[in-house]
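Close look at the chain arrangement
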Protein chains: 2
Amino acid sequence: MDAFMQAAIDEARLGHEEGGIPIGSVLVHDNRIIGRGHNRRVQQGSAILHGEMDALENAGRLPASVYAQATLYTTLSPCPMCSGAILLYGIKRVIVGENQTFMGEEDLLRARGVEVQVLHNDNCVKMMKDFIEDRPELWNEDIGV
Amino acid sequence: MDAFMQAAIDEARLGHEEGGIPIGSVLVHDNRIIGRGHNRRVQQGSAILHGEMDALENAGRLPASVYAQATLYTTLSPCPMCSGAILLYGIKRVIVGENQTFMGEEDLLRARGVEVQVLHNDNCVKMMKDFIEDRPELWNEDIGV
């Protein structure tokens, strides 16, 4: 297991322990985590703090040159909002835990030149499957359904 | 002047008075403003609180049915991140103050069925032109350049 994806999974688990939606993300630059995050819809009543957005926010204000050389790890395929943030900042590489329980905008990202790798990680799939089964209405709210 | 676009401009001006980037937005439902926001990069050191994102965040957690009948007003053409948020939540109508100083993802929004109206508002253009001339490095940071 890639240590950075493990860190994203750890964030997802932390979110779940807080009663939230188990999706986590880390932003990596120069082989170092510069931002960690997890979904905070429940914890902060947030409509915009998906895991990836929270990682980007926690990384703080950065010059374009850092984003251009950064990799974003996320336990789940990135939704349109998070994919848009990836495009805004010109992040060139995204590592996705799984896209079986939710398929995000991977095609759009690839069409815009972003390298998207999907790990098909069983832990990520199980975490989301269990959560969706447990809290379908909360999950639907998070993806605008 | 449409009262809702005026409210978005008021938000932009408030942001500018705070030393921030003058972009504002309001989310309207049932002819009523349910979320107001402005760019908070400077004020909160935020990488994700563009005007539209701030309005969505301040509107709070909402069911999909509200977003589907809401209109987002923004003083400036929405960037990829904000456009992605519009797509995530299925907001069907976006009113844009201007797209002369920055062209966002209007084509993508229209291709996905969102109605995008551009007002070509002179006040919005002037506000951004003055700001970009005054703080080009800050503006570039905000759009990932």
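What counts and how
Residues numbered from 1 in each chain as written. Chains lettered and ligands numbered in written order. Predicted model: local features only at pLDDT ≥ 70, side-chain atom pairs only at ≥ 80, totals over all residues. Heavy atoms only, no water. Pairing = 2+ DSSP bridges. Helix = DSSP H or I, 4+ residues; strand = E, 2+ residues; numbered from the N terminus. Axes fitted to C-alpha atoms, helices over the stretch in contact; angles between N-to-C directions. Contact = heavy atoms within 4.5 Å. Salt bridge = Lys/Arg side-chain N within 4 Å of Asp/Glu carboxyl O. Buried < 20%, exposed > 50% of the residue type's maximum accessible area, 1.4 Å probe, protein only. Least-squares fit on C-alpha atoms with pLDDT ≥ 70 in both. pLDDT = per-residue confidence, 0-100.

Time to look at the sheet that holds strand 1 (residues 24-29) of chain A. All names here are of chain A. The mixed open sheet is built from 5 strands, whose spatial order is 2-1-3-4-5. Lying at the two open borders of the sheet, with one neighbouring strand each, are strand 2 (32-38) and strand 5 (115-118). The average angle at which neighbouring strand axes cross in this sheet is 15°, direction not considered. Relative to strand 5, strand 4 (residues 93-98) runs parallel, the two sharing 4 bridges. Paired with isoleucine 95 across the bridge in strand 5 is glutamine 117. Each of strand 1, strand 2, strand 3 (70-76) and strand 4 is contacted by helix 1 (residues 3-17), which is oriented at about 25° to strand 2, the strand it contacts most.

Residue and element names in this part refer to chain B. Taken in spatial order, the 5 strands make up an open sheet running 2-1-3-4-5, and their pairing is mixed. Across the chains shown, the open sheet's two edge strands, defined by having one partner strand only, are strand 2 (32-38) and strand 5 (115-118). Strand-to-strand, the axes of this sheet are offset by a mean angle of 15°, without reference to chain direction. The pairing of strand 1 (residues 24-29) with strand 3 (residues 70-76) spans 5 bridges and is classified as antiparallel. Looking across to strand 3, one finds that valine 28 is bridged to threonine 71. Here helix 1 (residues 3-17) sits on the sheet and contacts strand 1, strand 2, strand 3 and strand 4 (93-98); the angle it forms with strand 2, its principal contact strand, is near 25°. Contacts from helix 7 (residues 122-134) reach strand 3 and strand 4, with the element oriented near 60° to strand 4.

Residue and element names in this part refer to chain B. Overall, the coordinates contain 18 salt bridges over all chains when judged by the stated rule. Among the ionic pairs, aspartate 142 bridges to arginine 41, the shortest N-O distance being 2.5 Å. Linking aspartate 142 in helix 8 (residues 136-142) with arginine 41 in helix 2 (residues 41-44), this pair joins segments that are 101 residues apart in sequence. No difference in accessibility class separates aspartate 142 from arginine 41, as the two residues are buried.

The next subject is the relation of the copies chain B and chain A. Note on the identical chains: chain B maps onto chain A by a rotation of 180° and an axial translation of 0.0 Å, with an RMSD of 0.0 Å. Such a turn and shift between the copies fits a two-fold axis. The fraction of interface residues of chain B whose copies in chain A are also interface residues reaches 100%, indicating that both copies meet through the same surface.

Model confidence for chain A is summarised by a mean pLDDT of 97, while 99% of its residues fall at 70 or above. Across the interface, the model reports ipTM at 0.97; the global pTM reads 0.98.

Residue and element names in this part refer to chain A. Among the 9 residues that make up helix 5 (residues 80-88), 9 are buried, leaving the element largely enclosed by the rest of the structure. The complete set of buried residues in helix 5 reads Pro80, Met81, Cys82, Ser83, Gly84, Ala85, Ile86, Leu87 and Leu88. At the C-terminal side of helix 5, glycine 90 shows a positive phi close to 65°.

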